[in-house]
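# Architecture and fold: a report
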Amino acid sequence: MFAVEMKNISKSFGSVKANDQIDFAVKKGEIHCLLGENGAGKSTLMKILFGLYSKDQGQIRINDKTVKISNPAAAIDKKMGMIHQHFMLVDRFSITENIIAGQEITGALGIKIDNKAAEKKVKEISGNFGFDLNPKALIENISVGEQQRVEILKALYRNAEILILDEPTAVLTPQETEELFKIMRSLTADNKTIIFITHKLKETMEIADRITILRDGKKIDTVNKDETTPQKLANLMVGRNVLLDVEKKEKKSTGEIFRLEKVNYKNPLSGLKLKNINISFKKGEIVGLAGVEGNGQLELEETIAGFRSVDSGKLYFDSQDITELSTRKRRDMGLAHIPSDRNKRGLVGNFSLAKNILLGSEWNQQFKNRFAINFNYLNDYTEKILNEYDIRYSKKNSTASELSGGNQQKLIIGRELSRASDFVLAAQPTRGVDIGAIEFIHKQLIKMREEDNAIFLISAELDELLNLSDRLLVIYEGAIVAQGKVEEFNEEKLGLLMAGHSEEEV
Amino acid sequence: MDILKIIFSINTFTAAIRLVVPIALAAVGGAFSERAGVINIGLEGMILIGAFAAAVGSFFSGSAYLGVLAALGAGVVLGLIFSFFTVDLEADHVVAGVGINILALGFTTWLMQVIWGQKGASPSVSGLARIRIPILADIPIVGELFGCHSPLVYLMFIIVISGWYLMFKTPLGLRIRFTGEHPEAADTLGINIRFIKYFSVTLSSVLAALGGSYLSLGHLNWFSSNMSAGRGYMALAANIFGQWNPLGGFAASMLFAFTDAVQMRLQGMNLNIASEFIQMLPYVLTVVVLAGAVIKSRPPAALGNHYKSNK
Amino acid sequence: MSFNKTTKDIIYSIAAIVLALIVGAILIKVSGNSITEAYYYLFYGAFGSTYNIAQTLLKTIPLIFAGLAVAVGFQSGLFNIGGEGQLYWGAFATALVAITFTNLPSIILIPLALAVGAVAGALWAAVPGILRAKTGAHEVITTIMFNYIGILLTTFLLKNYFKEDGPVDQTRKIAEQAKLPEIVANTRLSWALFIAIIVVIIIYYLLNYTSYGYDLQLVGENIDAAEYSGVNSDKVIINAMLLSGGIAGLTGSTMVLGVLHRFITNFSPGYGFTGIAVAVLGQNKPLGVLLAAFLFGILEAGGMSMQLFAKIPADLMTIVQGLVILFAAAPSLFKILKNKSLVFRGGN
């Protein structure tokens, strides 16, 4: 019997058809993967199921009964729970408060919250499924894996029988992912149904019972795991034959262009310390940094960019000591920066495409006519980049916020790689970008390498790192715990190093 | 030294307890509004409208209590309007708040001329008589401080304490705080964030208006143009200083009220300091408090945010 | 159908003022007056004679400066509500120069007096600016406080050091050469108008065509992207406040040199606050501010006429201002009205 049936679901946002007549059915007690590229419509479909979005047309049936789900309260009422990609947790509240809000346990008169009873219930449920959490702990003090478990507890506290997980492994190490899979299996052993949204082929092959593939808002197919392979799935996701690996030629790297020497930095807010970082970057070489997000990558990125000053140690760019040098001067010297958070750092949503291309270069004489900005030149320059990087936009003076995520990323990459630069700091360059654009971006990075640039690639995607890097580093709790030629590493080894195991153990 | 004795006498503290009413009530209101994520710069206008409505109500009915009721009604209406603009129409909170203040000033001054034909002040209206609480009033010192006040003063104390309880001990309070920290998370938990915001903002407006009624019916017994005189802004600063907690907001408001009381006493004395400097005291204090308080403060994470249930 | 953003902005602004005037009309009716009579005198007061037109333009001038000051602040992400205090300092400083350096020729004295006024206004805005940059203290509250403090301080200084003998709290008259030449005889409408328009053009150019302006807008739009680009946000914020305060200072300076010919306490009918409505209606753009200021000039001049002849309190115009701010700050209002009207006509 089907726990969930979605029939003929359509949803548009303005002129974009996010879901186009999708049929989707999930059997009770199964783990069903909803697979597709970024922007395929998976999240939208599930947000409709959970009542966060309203559908334009179609029907939803839960346990063979037609239902109307107009808001999350109704979804929760139907025993559904959703664990979002970006956690819906309040950092400064406790685990208990985060779990009970909206369905609080009150005292005798119904006025006061009964904290003790609530904490007891939380401990009880977590015990049932093998979690171990301190109900009084504050969210900001627990690990990412634990936070995810709190999200699952939120659903279980509300007696969820159907659980929707949206890209849950994006923030986990391979080992934590295994733990999550264990929990999922114990939930389905209890006859709960799980819908698992993902774009990762390997995980899908490991955990799914059945798989539904979405592409461009349409449902392509539903298959049994046993009857398919990663290559078949990739082709269905993209609609053509996909090159899963990129071609990289042998290259001899030339001299050193950038160096971090004995760098130490303490993040005053989180307490995370960068410890004794020593990295050398050579021209014509891609250096990759592997690690679970939150282990110091952001601090490292921002120290190199100049947003943060080191506590001790030095940075050298082209043999010059730039430790005290401002961001602007570093950029003028030849630093290109693809930021990890494109919306926060890399773009100004309300600015036009041309003004976004100017970002970071607004004082360069190249774009000026003595005192004023030369908009004619800027517009031509922008047009060239839009063409070269195949960036899709609706009208000439679109703002950056009107582009899709993938096109926004291409705009940033086009801007940064077109500058006269020697050192490219690329942090999460393909995050939130669909496979077609990923291919393109990888090719561009390889091209930069051919042209003798040094590239520092910080990424959460192990495949990307293993594919593109010449040398690889692993960061854990602010320290570089392993360094070497890419050939010396594989996914399993990286996973263990990323989780804190020492090189000898691995 | 005589001056210090006069400044720190019981009389001054008692006066401060009276002067704190509009500021403290507005500060508690501000705490609720901002905890739910809505910046309420319009408190100044809401106090003013409350003062005006109370005077009008008392004038036409002859009863001060009906005047207070009128102020509450005006507070509800203004609160709903402000909620509509900030929550449903997603207007910038600060701009909309400034608009409310200008609107309130214009509206009260205009209507005052329409009703009474005067521009500076209204005629006298019946005010709220002070109540003397037996037994309490007879205790030395404490009795002088708390024993004999307008009923609104006692109401203020009740509101401050119940406000704190509501915010930190009840389900509604948890949901309000959740909404101001992470409205999207609150939404996914089934919390009706639109209701929460409307409720919190309207509550803030009602409390501010109630505080305003004290100005025209308790403190003086007439309405004069722009009589809020910046108290709404002081309430905002008090709220920040009090860390968005009704109890803290009250304590911080007492600081402003005390300064106000001191300023009034100093004016009555013949000192060598020009009156302008004395009058400046509360405003300078506000700036000092803000500059100091903000460094260590932690406002609700989603303050000013416009997230709405996506439909 | 999709309009480009500027057209949309203009439509929203026009709709805001129309809606506000409609509400104003309702209030006029409710208070027992005739709407037609009221609006007749409004337009007569604004355009009915050369003198009236001059009055309209006269009222527009300070609003151009005040609105521009707020708009510049807004573009960099700051709410400068302190225009009132800043213009008092501008007026005071300009008056001091104009009553002291009576030997200088016009060509030096006028620019000097104006420059000093602008600097005074800038410095008065600097403190809230620095507090905002260094401590994060919200400039809305600090600038409002500085309004009270600024007015009290200038009054104190006037009364104790610069007061002319007599019952009125004012300085003596400024030097003849400091007066701005009149454009229309006997109206006090002076070159201040040209100065205002020139300042608008300069600011327009500065904001839209220079790297400095780009960085200012960048800080206002996305301060993290500003850091990414290498901008020193603290510096930009303080500079923006200085610029905003300087323009606000000119509001008072031009009043002194063009109209009052001395400094008088409490001379401002709230230009600093009206300036906010002007900036919001003008969508925070220099050219928009110019038009919006003119519109409010019409309302102010017409409002006085309305009060004189139709006995409607001029404070009605303050109500209209407040409504304009509310309506102009909520563009979604018009989307809702548009959808409702489509539903009415049975559209999809």
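Attention here is on the structure that accompanies the text.

### Some words on the overall build of chain B
Of the regular secondary structure elements, chain B holds 13 helices and two strands. Relative to the 2.2 N^0.38 estimate, which gives 19 Å for 311 residues, the radius of gyration of chain B is 19 Å and therefore close to what a compact globule would have. On the principal axes, the C-alpha backbone points of chain B span a range of 65 × 45 × 40 Å. For chain B, with 311 residues in total, the buried portion stands at 56%. Long-range pairs, those at least 24 residues apart, make up 77% of the contacts in chain B with a sequence separation of at least 6.

### Section: the interface of chain B and chain C
Contact with chain B, which involves 36 residues of that partner, is made by 37 residues of chain C. Listed by contribution, the elements that provide at least two residues to the side of chain B that touches chain C are α5 (93-116), α11 (231-241) and α13 (275-296) of chain B. Element by element, the count of residues in the side of chain B that touches chain C is highest for α5(B), at 14 residues. Residues of the side of chain B that touches chain C, tallied by class, amount to 26 nonpolar, seven polar and three charged.

### A few points about the environment of Leu25(B)
All names here are of chain B. Note on placement: Leu-25 falls in helix α2 (residues 10-35). Sequence separation of Leu-25 and Ile-278 is 253 residues, and the distance between their C-alpha atoms is 25 Å. With residues near it in sequence (within four places) discarded, Leu-25 still touches Met-156, Ile-159, Leu-207, Ala-208, Leu-210 and Gly-211.

### Remarks on the pairing of strand β19 (residues 423-427) of chain A
Residues and elements named next belong to chain A. A large share of β19 lies buried, amounting to five of its five residues. Residue alternation in β19 divides its side chains into two sets, Phe-423, Leu-425 and Ala-427 and Val-424 and Ala-426, and both sets are buried. In terms of strand pairing, β19 meets strand β20 (residues 454-458) through five bridges, oriented parallel. Across the sheet, the residue bridging to Leu-425 is Phe-456, located in β20. Read as a crossover between parallel neighbours, the route from β19 over helix α15 (residues 435-450) to β20 is right-handed.

### A word on the packing of helix α7 (residues 192-209) of chain C against helix α10 (residues 233-260) of chain C
Residues and elements named next belong to chain C. Remark: α7 packs on α10, axes separated minimally by 10 Å, with the N-to-C direction vectors making an angle of 165°. Relative to α10, α7 is oriented roughly antiparallel. In terms of crossing hand, the pair formed by α7 and α10 is right-handed. On α10, the residues touching Ala-192, Ile-195 and Val-199 of α7 are Ile-247, Leu-250, Thr-254 and Gly-258. Broken down by class, the residue content of the contact of α7 with α10 amounts to five nonpolar, two polar and no charged.

### Describing helix α2 (residues 35-47) of chain C
Every α-helical turn comprises 3.6 residues, leaving residues that sit three or four positions apart pointing alike. Residues and elements named next belong to chain C. An ideal rise of 1.5 Å per residue puts 18 Å on 13 residues; α2 measures up with 18 Å between its terminal C-alpha atoms. Considered for burial, the residues of α2 that qualify are Ala-38, Tyr-41, Leu-42, Gly-45 and Ala-46. Buried positions in α2, seen along its axis, are confined to an arc of 130° and lie on one side of it.

### Some remarks on the interface of chain A and chain C
Contacts between chain A and chain C engage 22 residues on the former and 15 residues on the latter. Those elements that place two or more of their residues in the side of chain A that touches chain C are α10 (327-333), α11 (342-346) and β18 (372-373) of chain A. Partitioned by chemical class, the residues of the side of chain A that touches chain C number eleven nonpolar, six polar and five charged.

### Some thoughts on the environment of Arg35(B)
Residue and element names in this part refer to chain B. Mapped onto the fold, Arg-35 is located in helix α2. We classify Arg-35 as buried; it has 26 C-beta atoms within 10 Å. Once the C-alpha coordinates of Arg-35 and Asn-245 are considered, the two residues, 210 residues apart in sequence, prove to be 9.0 Å apart. Beyond its immediate stretch of four places on either side in the chain, Arg-35 contacts Met-167, Ile-176, Arg-177, Gly-180, Ser-200, Trp-244 and Pro-300.

### Comments concerning the sheet that holds strand β4 (residues 57-62) of chain A
All names here are of chain A. Spatially, the four strands line up as an open sheet ordered β2-β1-β4-β5, and their pairing is antiparallel. Both edges of this open sheet fall to β2 (16-27) and β5 (65-67), since each of them pairs with a single strand only. Averaged over all pairs of adjacent strands, the angle between strand axes in this sheet comes to 25°, irrespective of strand direction. Pairing between strand β1 (residues 2-13) and β2: eight bridges, direction antiparallel. Along β2, the bridge assignment pairs Met-6 with Phe-24. In this fold helix α1 (residues 42-49) packs onto β1, β2 and β4, with an angle of close to 115° to the strand it touches most, β1.

### A word on the pairing of strand β22 (residues 479-485) of chain A
All names here are of chain A. In this sheet, β22 lies alongside strand β21 (residues 471-476) in antiparallel orientation, the contact comprising six bridges. Across the sheet, Leu-472 pairs through a bridge with Gly-484, a residue of β22. What sits between the antiparallel neighbours β21 and β22 is a turn of two residues, in which Glu-477 has the positive phi angle 50°.

### Here's the deal with the sheet that holds strand β8 (residues 193-198) of chain A
All names here are of chain A. One open sheet holds the six strands; their spatial order is β6-β7-β8-β3-β9-β10, and the pairing between them is mixed. One side of each edge strand has no neighbouring strand; the edge strands of this open sheet are β6 (80-83) and β10 (218-224). Taking the axes of each pair of neighbouring strands and ignoring which way they run, one obtains an average angle of 20° across the sheet. Note: strand β3 (residues 31-35) against β8, five bridges, orientation parallel. Following the sheet pairing, His-32 is matched in β8 by Ile-195.

### Some words on the environment of Ala229(B)
Positionally, Ala229(B) belongs in the loop between α10 (193-219) and α11. Ala229(B) sits 182 residues away from Ile47(B) along the chain, and the two C-alpha atoms are 9.8 Å apart.

### Section: unusual backbone geometry
Residue and element names in this part refer to chain A. With a phi angle near 50°, Gln-21 is a residue other than glycine that sits in the positive phi range. Along the chain, Gln-21 turns up in strand β2. Judged by C-beta crowding, with 14 C-beta atoms within 10 Å, Gln-21 ranks as partly exposed. Located in the positive-phi region is Asn-276, a residue other than glycine, with phi close to 50°. As for its position among the elements, Asn-276 is in strand β12 (residues 273-282).

### Overview of the packing of helix α3 (residues 50-75) of chain C against helix α12 (residues 286-310) of chain C
The packing of two helices is summarised by the inter-axis angle and the distance between the axes. All names here are of chain C. For the pair α3 and α12, interaxial distance at closest approach is 7 Å and the crossing angle is 135°. As the angle between them shows, α3 and α12 are arranged oblique. Of the two elements, α3 crosses α12, and the hand of that crossing is right-handed. For the pair formed by α3 and α12, the contact residues are Asn-52, Gln-55, Thr-56, Leu-57, Lys-59, Thr-60, Leu-63, Ile-64, Gly-67, Leu-68 and Ala-71 on the first element and Pro-286, Val-289, Leu-290, Ala-292, Ala-293, Phe-294, Phe-296, Gly-297, Ile-298, Glu-300 and Ala-301 on the second. The class makeup of the residues in the contact of α3 with α12 is 14 nonpolar, six polar and two charged.

About the thresholds
- Residues numbered from 1 in each chain as written.
- Chains lettered and ligands numbered in written order.
- Predicted model: local features only at pLDDT ≥ 70, side-chain atom pairs only at ≥ 80, totals over all residues.
- Helix = DSSP H or I, 4+ residues; strand = E, 2+ residues; numbered from the N terminus.
- Rg over C-alpha atoms; globule rule 2.2 N^0.38 Å.
- Buried ≥ 20, exposed ≤ 12 C-beta atoms within 10 Å, placed from the backbone.
- Contact = placed C-beta atoms within 7 Å.
- Nonpolar A, V, L, I, M, F, W, Y, C, P; charged D, E, K, R; others polar.
- Pairing = 2+ DSSP bridges.
- Right-handed = clockwise from strand over helix to strand, strands pointing away.
- Axes fitted to C-alpha atoms, helices over the stretch in contact; angles between N-to-C directions.
- Parallel < 35°, antiparallel > 145°, perpendicular 65-115°, else oblique.
- Left-handed = near helix turned anticlockwise from the far one by under 90°.
- Expected span 1.5 Å × (residues − 1).
- Arc of directions from axis to C-beta.

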